[in-house]
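Tertiary structure, described
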Amino acid sequence: MLEERQKKERRVGLPELPNAEKGKVVLRFAPNPNGPLSFGHARGIVINGSYAEKFDGELILRFDDTDTSVKPPLLEAYQQIPEEAEWLLGFAPHRIVIASDRMEHYYEHAEMMLSRGFGYVCTCSAESFRELRVAKSECPCRNQESGFNMELWNKMLDGTFKPGDAVVRVKTGMDLKNPALRDWPALRMQDTETNPHPRKEIGSKYRVWPLLDFQSAVEDHLQGVTHIIRGKDLMDSTRKQTLLYQHFEWDYPETMYWGRVKVHEWGGFSTSQMRRDIEAGLFEGWDDPRLPTISALKNRGITSEALRQFWIELGVTQKDISVPLATLYSHNTKQIDDDAPRISFVRNPVKLQITGEHPMTVTTSVHPNHDSMGIRTFDISNHNVLIEKEDSVKPQVRLKEFADFDLSGQSAKFISQARSDKRPIIHWISENDCKKATLIHPSDGEILEIEGVLENHEYTPGTMLQIERIGYGILLDDCTIMFTHD
RNA sequence: GCUCGUAUAGUGUAGUGGCCCAUCAUAAAGGACUCUCAUUCCUUUGACCCGGGUUCAAAUCCCGGUACGAGCACCA
């Protein structure tokens, strides 16, 4: 090396993807549609989607909807999740795969397993198999002839067996040192008469259903997935699936993992728990602003770009982390501030009557850094203005962009238009230019509805606003603002 | 219990044997700008879990410990 090594640049963005060839990368994100997307799901979408984009590859959105009783799918989620994924990424997933539409493929592979002798139908109970697993001993079913296995398989399919009577296992070895890998279950039966699949085209059509490790493994192969990036809780899944791939003589995709994430303000986020809480009436719905769902965040004014930057900044480390929302809010502020019109909202308004000679109109900018966004005009010809109750106790104040006043009860004495001293600057609204409005502020599990008056405006719902001296908010309707963050 | 994984400032993150008395962001504190408690800018505070080893040289490699997390479901 002739050249001196340069000071290394700090790596920004996503880490390198091993063995990635431009145009040939296929990634997937596979949620259970048992609810809409949560904040945590966003990581899977953002990371996998960003790699797909970076390498000119494909992102598959796959619905892992193979459980009808423990985590039953929610019909609306099949519609909502792709929309939310597209909102988050700025592009739609390239392929959508629904596991419950692909049952024939899983059956076919199960039969291959049975006939080639690396899978067997096990009629042991879950409890007795657990003991065998601990003891590293094989169960009697393990050495059945493949013909007999096919017979038993058909009894699963035709309903001779009932749920719990039999499962299909992959032969991996009962002496494996990791107990999690020993002859793991691949398919089981479910009572889809009492718990039909919510998709009506599926309903009670199947009794035998693949479990995640089998379904996911087979489907990843069928779809040509090259890279799997998922939570490290699925590390043993990789090991189980690798053993299956060896049987099928397939190559397992490259894998990367991320650790567990908690948010200081929310703790963990479980879709199942949210679903129970919503059904119990604790929340108004999936987009309740207190909930860590994508829809709630979106409705509260968090941009998809902020979410993307947030997750990319966290990267793909295997550390278990706990992050404050302030980090997300900081990204969001950077996204919205330049475009957010300034607006005045007065909480708990107190009316003041101005005494003394004073201008009849006041103008101020819509955005102090961008004159192009125009001006706001206040009409004070009736001498009445509104200020926050909290500010009304101050003896001397300056009404922002207007003038200095001395306050005394309900009256405000005009002192001077120019600043005369360092008295605090407060925001205000002229009585002629405002209407009653509500600021919705989700905080500490409560939804506070702060009444006040809002400056007249012509913004459309969805506009992000910077509420002077309060924070950022999103306009819900003419006179309702949802507080976003400071 | 068995198995697996992770450990860098308050919180995240960069760093894969010498560029590191360690990067960047965020948070906090102070300041500049500003007629918002906004934005922007500047400054400061602040970290390689512990103990051994390998090496001329370790945040980086090895071993042990500790802590935290995960899997061992006929959930995903």
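Model, not experiment: these values are computed from the prediction.

**Notes on the domain arrangement of chain A**
According to the domain assignment, chain A contains domain 1 (18-101 + 211-338), domain 2 (104-207) and domain 3 (342-485). Spacing between the C-alpha centres of domain 2 and domain 3 amounts to 68 Å.

**Remarks on the side chain of R376**
Relative to the helices and strands, R376 resides in strand β16 (residues 375-379). A distance of 3.1 Å separates the side chain of R376 from the backbone oxygen of S365, its partner in a polar contact. Side chain to side chain, R376 and E468 meet in a polar contact 2.9 Å long. If sequence neighbours within four positions are ignored, R376 has contacts with R342, I343, S344, V362, T363, T364, S365, V366, E455 and E468.

**Considering the sheet that holds strand β27 (residues 480-485)**
Strand order in this open sheet of seven strands is β12-β25-β26-β27-β23-β24-β13, and the pairing throughout is mixed. Strand pairing shows two members of the sheet lacking a second neighbour, β12 (342-343) and β13 (345-347), which therefore form its edges. Bridge count between β12 and strand β25 (residues 464-467): two bridges; the pairing is parallel. Each bridged residue has a counterpart across the sheet, and for I343 the counterpart in β25 is I467. Strands β25, β26 (471-477) and β27 of the sheet are contacted by helix α11 (residues 325-336), whose axis makes an angle of about 125° with β27.

**Considering the sheet that holds strand β4 (residues 119-122)**
Pairing in this open sheet of four strands is antiparallel, and the strands run β4-β5-β6-β7 from one edge to the other. Either end of the sheet is taken by a strand with one partner, and the two such strands are β4 and β7 (208-210). Strand-to-strand twist in this sheet, taken as the mean axis angle between neighbours without regard to direction, amounts to 25°. The sheet contact formed by strand β5 (residues 167-170) and strand β6 (residues 185-189) spans two bridges and is antiparallel. The residue of β6 that forms the bridge with R169 is P185. Taken strand by strand, helix α3 (residues 103-116) contacts β4, β5, β6 and β7, and its axis lies near 90° from that of β7.

**Here's the deal with the packing of helix α1 (residues 39-54) against helix α2 (residues 75-89)**
The contact between α1 and α2 brings their axes to 10 Å, and the two run at 60°. Taken as axis vectors, α1 and α2 run oblique relative to one another. As for the relative orientation of α1 and α2, their crossing is right-handed in sense. Across the interface between the two elements, A42, I45, V46, G49 and S50 of α1 pack against A85, L88 and L89 of α2. Its residues assigned to classes, the contact of α1 with α2 comprises six nonpolar, two polar and no charged.

**What about the pairing of β25?**
Taking every second residue as pointing to the same face, both faces of β25 are buried, with M464 and Q466 on one and L465 and I467 on the other. Two elements, β25 and β26, share four bridges in a ladder whose sense is antiparallel. Each residue of the ladder has a partner; that of I467, found in β26, is G471. Counted along the chain from β25 to the antiparallel partner β26, the turn is three residues long, and its residue R469 has a positive phi close to 65°.

**Some points on the pattern of salt bridges**
Considering all chains together, one arrives at 31 salt bridges under this definition. Among the ionic pairs, E279 bridges to R275, the shortest N-O distance being 3.5 Å. Here E279 and its partner R275 are both found in helix α8 (residues 271-279), four residues apart, which amounts to about one turn of the helix. We classify R275 as buried; its relative accessible area is 17%. The salt bridge partner of E455 is R376, with a shortest N-O separation of 2.7 Å. With E455 in strand β24 (residues 446-455) and R376 in strand β16, the pair connects residues that are 79 residues apart, well separated along the chain. The exposure classification of E455 matches that of R376, with both residues buried.

Conventions and cut-offs
- Residues numbered from 1 in each chain as written.
- Chains lettered and ligands numbered in written order.
- Predicted model: local features only at pLDDT ≥ 70, side-chain atom pairs only at ≥ 80, totals over all residues.
- Heavy atoms only, no water.
- Domains from an automatic or database assignment.
- Helix = DSSP H or I, 4+ residues; strand = E, 2+ residues; numbered from the N terminus.
- Polar contact = N/O pair within 3.5 Å; in protein donor to acceptor, adjacent residues only side chain to side chain.
- Contact = heavy atoms within 4.5 Å.
- Pairing = 2+ DSSP bridges.
- Axes fitted to C-alpha atoms, helices over the stretch in contact; angles between N-to-C directions.
- Parallel < 35°, antiparallel > 145°, perpendicular 65-115°, else oblique.
- Left-handed = near helix turned anticlockwise from the far one by under 90°.
- Nonpolar A, V, L, I, M, F, W, Y, C, P; charged D, E, K, R; others polar.
- Buried < 20%, exposed > 50% of the residue type's maximum accessible area, 1.4 Å probe, protein only.
- Salt bridge = Lys/Arg side-chain N within 4 Å of Asp/Glu carboxyl O.

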